[in-house]
Amino acid sequence: MAQAVPRPSSAVATPPSRGSRIGPAQTALSGDPMMRRTVQIILLGLLASVFVDATAAEKLSRKQRKELLEVQESYAATLRWVGIQDALSFIDPEYRKAHPLTELELSRYDQVKVSGYRERDASALPNGTAERRMEVNVVNQNTQSERTIVVRETWRWDKERKRWWQTSGLPDLWPER
């Protein structure tokens, strides 16, 4: 008669008891040391990114953040409903002086209509500026064709005038040229 060979107890996986609280994170951390290290690195990376965003945002006061949101909403509404000429008042005077628009460039803006201006993402940078990526829908008024482009805006706080300026210029609505 063949005798049954007993298995070592470590080879048999026993399910946790009904009252135990073992979750996926605990099983990942209690198992393979490589997996534990990977989870630790991921968690540290997430923690570091949250800390960097928090410290960058701390450089802006609550009032500055509120004013930034208001001026950005006003800028978007001006581009969409009023026009480029009025949107120029949001552009940093130093930028306008260094990059003056020609009559030809202004006439190109007159041929299009901004039909949508939505924020994709935004962040406060460590140097006290703010940046955001915008999705812009543009309709050519001659052909009535619409296209979507993504533009990057940078904003800086002017301490003397106590206001925000857009420092990246008007959106480039013709990135393919």
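Residues numbered from 1 in each chain as written. Predicted model: local features only at pLDDT ≥ 70, side-chain atom pairs only at ≥ 80, totals over all residues. Heavy atoms only, no water.

Looking now at the overall build of the protein chain. For the protein chain, the count of helices and strands is six helices and four strands. Going from N to C terminus, the protein chain has its helices and strands arranged as α-α-α-α-α-α-β-β-β-β. Across the 177 residues that make up the protein chain, the buried fraction comes to 28%. In the protein chain, 50% of the contacts between residues at least 6 apart in sequence involve partners at least 24 apart. Summing over all exposed atoms, the protein chain offers an accessible surface of approximately 12800 Å²; the carbon and sulfur share of this is 56%. (Helix = DSSP H or I, 4+ residues; strand = E, 2+ residues; numbered from the N terminus. Buried < 20%, exposed > 50% of the residue type's maximum accessible area, 1.4 Å probe, protein only. Contact = heavy atoms within 4.5 Å. Areas by Shrake-Rupley, 256 points an atom, 1.4 Å probe, with all protein chains shown as cover.)

For soluble globular proteins, nonpolar side chains are generally found buried alongside one another. Core analysis: the largest hydrophobic core is formed by 28 residues, its most contacted members being Y75, Y117, V136, W155, W164, L170 and L173. Counting residues per element, the ones that place at least two in this core are α3 (62-82), α4 (84-87), α6 (103-110), β1 (112-124), β2 (130-140) and β3 (146-158). Counting residues per element, this core draws most heavily on α3, which supplies five residues. (Core = buried A, V, L, I, M, F, W, Y, C linked by side-chain atoms within 4.5 Å.)

Between the first and last C-alpha of α3 there are 29 Å, a value that for 21 residues agrees with the 30 Å anticipated at 1.5 Å per step. Taken residue by residue, α3 has Q64, L68, V71, Q72, Y75, A76, T78 and L79 as its buried positions. Buried positions in α3, seen along its axis, are confined to an arc of 155° and lie on one side of it. Along α3, the residues that are exposed and aim more than 90 degrees away from the buried face are R62, K63, K66, L69, E73, W81 and V82. Those residues of α3 that are buried lie in contact with α4, β1, β2, β3 and β4 (163-166). Following α3 by one or two positions, G83 has its phi on the positive side, about 150°. (Expected span 1.5 Å × (residues − 1). Arc of directions from axis to C-beta.)

Approximately 300 Å³ is the volume attributed to the largest pocket. Lining the largest pocket are 18 residues; nearest its centre among them are Y95, H99, L101, Y109 and L170. Elements with a contribution of two residues or more to the lining of the largest pocket: α5 (93-98) and α6. No other element matches α6, which puts three residues into the lining of the largest pocket. (1 Å grid on protein atoms, 1.4 Å probe; cavity = no way out; pocket = protein on both sides within 12 Å on 5 of 7 lines; lining within 4 Å. Points joined across faces, edges and corners; volume = space filled by probe spheres on them.)

One open sheet holds the four strands; their spatial order is β1-β2-β3-β4, and the pairing between them is antiparallel. Since the sheet does not close on itself, it has two edges, and those belong to β1 and β4, each with one partner. Going across the sheet, the axis of each strand differs from the next one's by a mean of 30°, ignoring polarity. Bridge count for β3 against β4 is four bridges, and the pairing is antiparallel. Following the sheet pairing, W155 is matched in β4 by Q166. (Pairing = 2+ DSSP bridges. Axes fitted to C-alpha atoms, helices over the stretch in contact; angles between N-to-C directions.)

A few words now on the pattern of salt bridges. In the structure shown here, the tally under the stated rule is nine salt bridges. A salt bridge links R156 to D92; the shortest N-O distance between them is 2.8 Å. Of this pair, R156 sits in strand β3 while D92 sits in the loop between α4 and α5, and the two are 64 residues apart along the sequence. A residue is classified by how much of its surface remains accessible, and R156, at 22% relative accessible area, is partly exposed. The buried category is assigned to D92, whose relative accessible area is 4%. (Salt bridge = Lys/Arg side-chain N within 4 Å of Asp/Glu carboxyl O.)

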